[in-house]
Every structure is written in C-alpha cells, then in structure tokens.
Amino acid sequence: MASPTTPVAASGSIPVRSGVLFSRPLLEGLVLATLLALLDLADHTLGPVRIPATNVLIVAPLVTAARTDGLRTGIVGAYAVLLALIFGPLHPVARTADELVVVTVVAACSAGAVWVAHVRCKAERSERQRTRELEQVQSVTDAALEQVGMHELLPDLLMRITESVEADSATFLLMEVDGSRLVCRSVAGVDSHESTGGEVQVGVGFAGKVAAEAKPLSIRDWNEAGHPPSDPTLPRNELRSLLGVPLMAEGRVTGVLQVGTRAPRAFSTQEVKILQLAADRAALAIERCRLYEREREIARELQEGLLPHATASIPGVEVSSLYRAAGEGQAIGGDFFDLFEIGNSGQAVLLGDIAGKGAAAAATTALARYSAREAAAHDSRPGAVLSRLNQAFRSQRAPGDICTAVYGVFEWRDEALEVTLSVAGHPPPLVLNRQGEVAPVGRPGPPIGAVPAPFYSEQSISLEPGDTLLLYTDGASEVKTAGGLLGVEGVARLLERCHGLDGRSALGAIEADLRRCDMGDRQDDLILLVLRVGRRVSPTVSSDANGVLSHTQGAP
Amino acid sequence: MQNGWIQDEGIDDRAHLVEIGGELDIASASQLKDLFERLIAAGKRELVVDLAQAEFIDSTTIGVLVRGVNQLEPLGGVMAVVCVKPELLKTFEIAALDQVVGLYPSRDEALAYLRAADARPAATG
C-alpha cells in the first residue's frame, strides 16, 4: 500500500476556503481515496485497509464486491471516495477503542447504504448500456440497409461492430460456395492489412469450430488456454481473448464474425448476445449484398452476351455501333441489338427496347434475341419474324411485358443493297441518301406483346453506295432538349448533318450532338447503329477484309 | 418543366375516368400502373384515359397503357384514350398504339365507344 504522504502533499496545493463546503481533512480524505482508487486501477488487490497514522478506513468487502461485479474503476473510485468521506480526516487523532468500534459500525452501515446505491447505479448503468447496445445494433442495421458492394459493406459493418463491443480487432470470414472453407474477407483493427485472404477448413481453428458448431465460442485468454494452433485467419498480433459467432442465413452457416482484444477479458452473456444480434443483422445484409452482386453480375453477363460481337458483318457495308447503358446491375436497361446471318442469302438486324430494367429485362432481351434468330431460321421475312416474336412474348412473358423492335434483312441486288424491314412500336429507322436527304423507313406496327395477332407491314428500300441507314432507340428520340423532346424529326436533323461522313464519323457526330442538346436530368440507355453502304464486293472475297464492324462502347 | 399529374374519378360501377396532364416520366408511369391495377381490382372494366392535358408521353407510359389494355382484355374490359394533341398522336402513331387501343377526340366519344363495346357481350350473353 502506498504511503499517504503523497496525497497529503498534493492536497496542500489545492486552494480551499476552509470552513465553507470543503474542510481540509475532508479534502485530504478525498485525495487519498482517489489515489487508492487509482492504485486499484493499477491492478492492486485492495484488502481490508486501515491506513496507518490516520483514521481512514477502507471497507474492503464493498470494494471487492464492486470488483467482482466487473465494475469499472471509475465507480470503484466513487465508492472509495464515499468511504473516505466518512472515515477521514487524514491526520492522526487519538481514538479510544470504543470510538473505533463505533467507526467500524458506522462503516458497516455506510457500506450497506453504498451497496444499495451501487445496485441502483448498476441498474441505471445497465439500462443505459442496453440503450447504447440497441443503438449500436441499429447502426449495424443501418449500414446493412444501404445498398453497397461487399467491399464497402464489410469494413463499414466491422467498424461499427468493433465500436459496439470495444474490441481491438474484428474479422468477417465468409463461407465458400461449397461449404468446406471459410475465407477471411475483411479485417478491422490490429493487423488488418495482413490477414485478409486467409483460409481455414470448417472444423479447424477457432473460426472453423464456430462454423462447425454453429454457435458462439469464446476464449478468455490464449495464454491460459494454451497457444492457438497455427490459424491463418487469426491476426498475428497477440490477441489474448476471442469471441466468435456464426453468421446464419436460412438456417445455413454463411460465415463467422470474430472479435478479439489484446488484454485478456471475459465476454459476458450480454456481450455474446449483442455480438450475435449484430452478426444476425450483418448476415442478412451480406446475404442480400451477395444476391445483389450476383444479380448485377448475371445482368451484366447477359447484357454483354447480348451485345453484338463481331460475329456477323454485311459485305460491302460499314457497320458502326454505339451502346451506352444508363445504369448498371439493377438499373441496367433493356436496349439491345443483334446482327446475324440468315442462311446463305443475307444478314438480319434486330434492334429493340424492352420495357423494364435489371435481370428481368436482360432475360426478356435474351428471349427476344433468340426467338428472332429461331424465327428467322424458319421464315426470315420481317413481318413473319416480328409476328413470331409477338407469339413468344404472349406465351412466355407476363401481360404488359412488351418490347419495341425493328427487324430488317439485307440482301445485295446488283449494285444496290436491298433492305426490307418491319417496325413494332419503335421509332422508324432513317435513311440519309447521297444527296443529303433524310427519310424514315418502315410502317408502324404495334409493340411486341401488345396485341394477340398483330400485322407487321414490310417496307423495302434500295440503298446505293454512299447511302447511310441509322437505327436507334428512344435514348436518342426522347432526349429532352430546350424545345421539348427531340423526336424522330430531331434525330433526322442530326443525321442530315452527317452528309458526306463515313459511318464511324457519323456515329460520333450524332452522339456528340445528342449529348450537347440533352437538357434532361435522366440518362436513358442508348443504341446507335449506323450502316453505311459501300461498293458491293464479290461473294468470293472474304467478308472480313471488306465488311467492317467497328464497335464502340460508350462511356456510361 | 411542368411535372406530370394524374387524377381519377369514378363514372359508375364499371367505368372510370383517368386524367393525365403535364410531362409524364418514369415515376408517374409507375403511379399510373398502380392506379390501373387498383381500378381493375376494384371491378372497373371501362377505363377512359384522357390525355388532353398531357404535354408528352414517353415509351414507359405507353408500356403502362398497353399493360392496362392487356389486363382488361381477359376480363372483358376495354380502354379508350382521349387524345387531340398532334405531338401525342404522332407518338402513338410511331408506337402504333391506335392498333392496340381506341383513340378518340373527346371524352364523350371515348365513353360512347366503351358503352358500345360493353353492350356487345351483354347483348349476346
């Protein structure tokens, strides 16, 4: 036990107006008690203490009780102060044996009173703690509600979790698809830069055991429990205590959340509950994030699969295209086009716009594209293909699932390229001839899927070398300009300005003009397909050398 | 820019008037979709959609109208659209909507068409 001389010396420096509220002996007692509390902080065991040459008596059972209740030193300090207030002053006073008995009885009574206060204080504290914990779980939930990618979600969740359980380190290990291994996906706190990517088999190591048993597991002190087996998922830093809880989704273990502290500590039942609650919320968020990422990935793959690869070209025609998706993932739109061979006689183009967004739109796009190819193999006339497409939509999609489309076939006749096309609810293709005149092609027919048995008229035109055909989606014709919607006429005016340009330059010019006149706040999907007719090439010459397919991916 | 608005008013047990004005966008299109669903679920079978006050309609809104027609059809219902603005008629022409739903210059004419269409199954059955 420390000598009381230090606090006495210290107390002398405190400016005190004696006789008012604080008498000098009282202050001395306060200072000493505080010092004792600080000593307790330093992990000294307080036994029953009567400080020599003073009347300060520390009632040890009370302090001990406080300690075993896991109370923080601040509160122990407060009790010690109370007791010291009762049993000061510090300077020696001659006491009789009777007086000491009285003091001890008073101490016991005071201890009882303080105990009651302590219990009440503890109850209030646990109430506050519960509120705080609920807030923390709420904050984990809040993070989970924001729709973000996994690489943003996990660190954010970990940060909130380490704060809520006052841990030095927290780690998410996620189950691999086959359910055999846990992979360390995100680490917060100590050694966070070293441990990501570590793996552990289910059933092996700390996290592996949590996953295998699907229930919380804690270790109070590795040093007591024996050193951990080599576990690549544990931070190399000396974590003494660990608590791990399983992440569950639909009754399956989808991962493990583990937290650790450098100083050895026991985790209370309440803390385990809180971490499990946080883990449950996190598991939901992670599962949703996984699904979201998967849908986004599928939609992107489908969409990419639906973009024309350089599989078809039209001999003697320069084909330039631009596809600009307004959104990604859920927001991915339903604009599509396809250019493909039909038999040995020619090529066909399908360009359209599916109402809706996301994976559903991508699936409908796939239906449209493959139905059209299949239909074209039977009967490649545009009216027939669009009717078959309509049939496929009516039988395979929900009512109201409609799409607009243009379908056209190309065939060389002498020195001219004959184009025959039908239109289903889509803005009409435009032709810019060598003289610089623009005209729409195709007679309007109802959108695909809108009516049971539509009739699609066909229109044929002959394109000569130097003529340009433009196909587009409503991302062009529905651009909001200062004077209202651009409209088909507006697109026609933009095309008119491309007189004399090659296909690729025309495409670039139209795209730039669209950007310039766009006053709207919402960007729609856009497809521009420019076909510029050149000289007919002999069928014996490889089409690769003469037909050019340039594909430009627009910036989103 | 004038925002789109949608108003609706019951005519009788089977008939309902939906009035659309301003510029319709994705948000108002989804409102319109919900409104159609509600009306059809409530037993309405004759819908007059009045676009006299509409500035323009986009492809999303056209999709919603087509969807409404398709939902009414198997239930023996009909829709008629009131449209006079040349710009809107042009949009409908491009989408060939006149082949999907009847377009009329006034509410009275739209309603007369609905009544006639409705009378047919009643007369035979």
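See the structure printed just above.
Reference entry: report on the structure contained in this document. (Residues numbered from 1 in each chain as written. Chains lettered and ligands numbered in written order. Predicted model: local features only at pLDDT ≥ 70, side-chain atom pairs only at ≥ 80, totals over all residues. Heavy atoms only, no water.)

**Side note on the overall build of chain A**
And step 1. What chain A contains, in helices and strands, is 16 helices and 21 strands.
And step 2. By the burial criterion, 49% of the 556 residues in chain A qualify as buried.
And step 3. For chain A, the proportion of contacts with a sequence separation of at least 24, taken over those separated by at least 6, is 67%. (Helix = DSSP H or I, 4+ residues; strand = E, 2+ residues; numbered from the N terminus. Buried < 20%, exposed > 50% of the residue type's maximum accessible area, 1.4 Å probe, protein only. Contact = heavy atoms within 4.5 Å.)

**Points about the overall build of chain B**
And step 1. Summing up its helical and strand segments, chain B has 4 helices and 5 strands in all.
And step 2. Listed N to C, the secondary structure of chain B is β-β-α-β-α-β-α-β-α in terms of helices and strands.
And step 3. The buried share of chain B, taken over its 125 residues, is 50%.
And step 4. Taking the contacts inside chain B whose residues are at least 6 apart along the sequence as the reference set, 67% of them involve residues at least 24 apart.
And step 5. Surface accessibility of chain B: about 5700 Å² in total, with carbon and sulfur atoms responsible for 50%. (Areas by Shrake-Rupley, 256 points an atom, 1.4 Å probe, with all protein chains shown as cover.)

**Describing the sheet that holds strand β16 (residues 459-463) of chain A**
Residue and element names in this part refer to chain A.
And step 1. Across the sheet, 5 strands lie side by side as β10-β11-β12-β13-β16; this open sheet has antiparallel pairing. Every other strand in the sheet has two partners, leaving β10 (335-342) and β16 as the edge strands with one partner each. Strand-to-strand, the axes of this sheet are offset by a mean angle of 20°, without reference to chain direction.
And step 2. Here strand β11 (residues 346-354) runs beside strand β12 (residues 403-413); their pairing, made up of 8 bridges, is antiparallel. The residue of β12 that forms the bridge with I354 is C403.
And step 3. Helix-sheet contacts for helix α12 (residues 382-396) involve β11, β12 and β13 (416-424), and the interaxial angle to β13 is about 30°. (Pairing = 2+ DSSP bridges. Axes fitted to C-alpha atoms, helices over the stretch in contact; angles between N-to-C directions.)

**Points about unusual backbone geometry**
And step 1. With a phi close to 55°, D414 of chain A is a non-glycine residue in the positive phi region.
And step 2. Within the element layout of this structure, D414 of chain A appears in the loop between β12 and β13.
And step 3. Phi at A96 of chain B is positive, roughly 55°, even though this residue is not glycine.
And step 4. Structurally, A96 of chain B is set in the loop between α3 (86-94) and β5 (102-104).

**Thoughts on the sheet that holds strand β3 (residues 46-56) of chain B**
Residues and elements named next belong to chain B.
And step 1. Read from one edge of the open sheet, 5 strands run β1-β2-β3-β4-β5, paired in mixed fashion. Two strands bound the open sheet, and with one partner strand each, they are β1 (5-10) and β5. Taking each pair of neighbouring strands and ignoring which way they run, the sheet shows an average axis angle of 20°.
And step 2. Bridge count between strand β2 (residues 15-23) and β3: 8 bridges; the pairing is parallel. Directly across from H16, in β3, lies its bridge partner L47.
And step 3. The strands that helix α1 (residues 26-41) touches are β1, β2, β3 and β4 (78-82); relative to β2, the one it contacts most, it runs at about 175°.
And step 4. Its contacts with the sheet place α3 against β3, β4 and β5, and it is angled at close to 120° to β3.

**What about the interface of chain A and chain B?**
And step 1. On the chain B side, the residues contacting the 24 residues of chain A number 18 residues.
And step 2. The contact between chain A and chain B buries some 1700 Å² in all, and 61% of this surface belongs to carbon and sulfur atoms.
And step 3. Inspection of the chain A/chain B interface yields 3 salt bridges.
And step 4. A salt bridge links R394 of chain A to E73 of chain B, with the shortest nitrogen-to-oxygen separation between them at 3.6 Å.
And step 5. The interface formed by chain A and chain B contains 3 residue pairs in polar contact (both at pLDDT 80 or more).
And step 6. Along the lines of polarity and charge, the residues of the side of chain A that touches chain B split into 13 nonpolar, 5 polar and 6 charged. (Buried area = accessible area lost by both parts, 1.4 Å probe. Salt bridge = Lys/Arg side-chain N within 4 Å of Asp/Glu carboxyl O. Polar contact = N/O pair within 3.5 Å; in protein donor to acceptor, adjacent residues only side chain to side chain. Nonpolar A, V, L, I, M, F, W, Y, C, P; charged D, E, K, R; others polar.)

**What about the packing of α1 of chain B against helix α2 (residues 59-72) of chain B?**
Residue and element names in this part refer to chain B.
And step 1. The N-to-C vectors of α1 and α2 enclose an angle of 10°; their axes lie 9 Å apart at closest approach. Put simply, α1 runs roughly parallel to α2. Contacts from I26, A29, L32, K33, F36, E37 and I40 of α1 reach α2 at T60, T61, V64, L65, R67, G68, Q71 and L72.
And step 2. Looking at the contact of α1 with α2 residue by residue, the classes come out as 8 nonpolar, 4 polar and 3 charged. (Parallel < 35°, antiparallel > 145°, perpendicular 65-115°, else oblique.)

**Notes on the nonpolar core**
Side chains of nonpolar character tend, in soluble globular proteins, to be buried together.
And step 1. Among the nonpolar cores identified, the biggest contains 33 residues, and F36, L51, I57, M79 and F92 of chain B are the most heavily contacted of them.
And step 2. Listing elements by their share of this core, those giving two or more residues are β2, α1, β3, α2, β4 and α3 of chain B.
And step 3. If sequence neighbours within four positions are ignored, M79 of chain B has contacts with F36, L47, V49, L65, G68, V69, L72, V101, G102, Y113 and L114 of chain B.
And step 4. Core analysis: the second largest hydrophobic core is formed by 27 residues, L154, V165, V259 and A285 of chain A among them. (Core = buried A, V, L, I, M, F, W, Y, C linked by side-chain atoms within 4.5 Å.)

**Quick word on α12 of chain A**
And step 1. An ideal rise of 1.5 Å per residue puts 21 Å on 15 residues; α12 of chain A measures up with 21 Å between its terminal C-alpha atoms.
And step 2. Residues of α12 of chain A that are buried: P382, G383, A384, V385, L386, L389, N390, A392 and F393 of chain A. (Expected span 1.5 Å × (residues − 1).)

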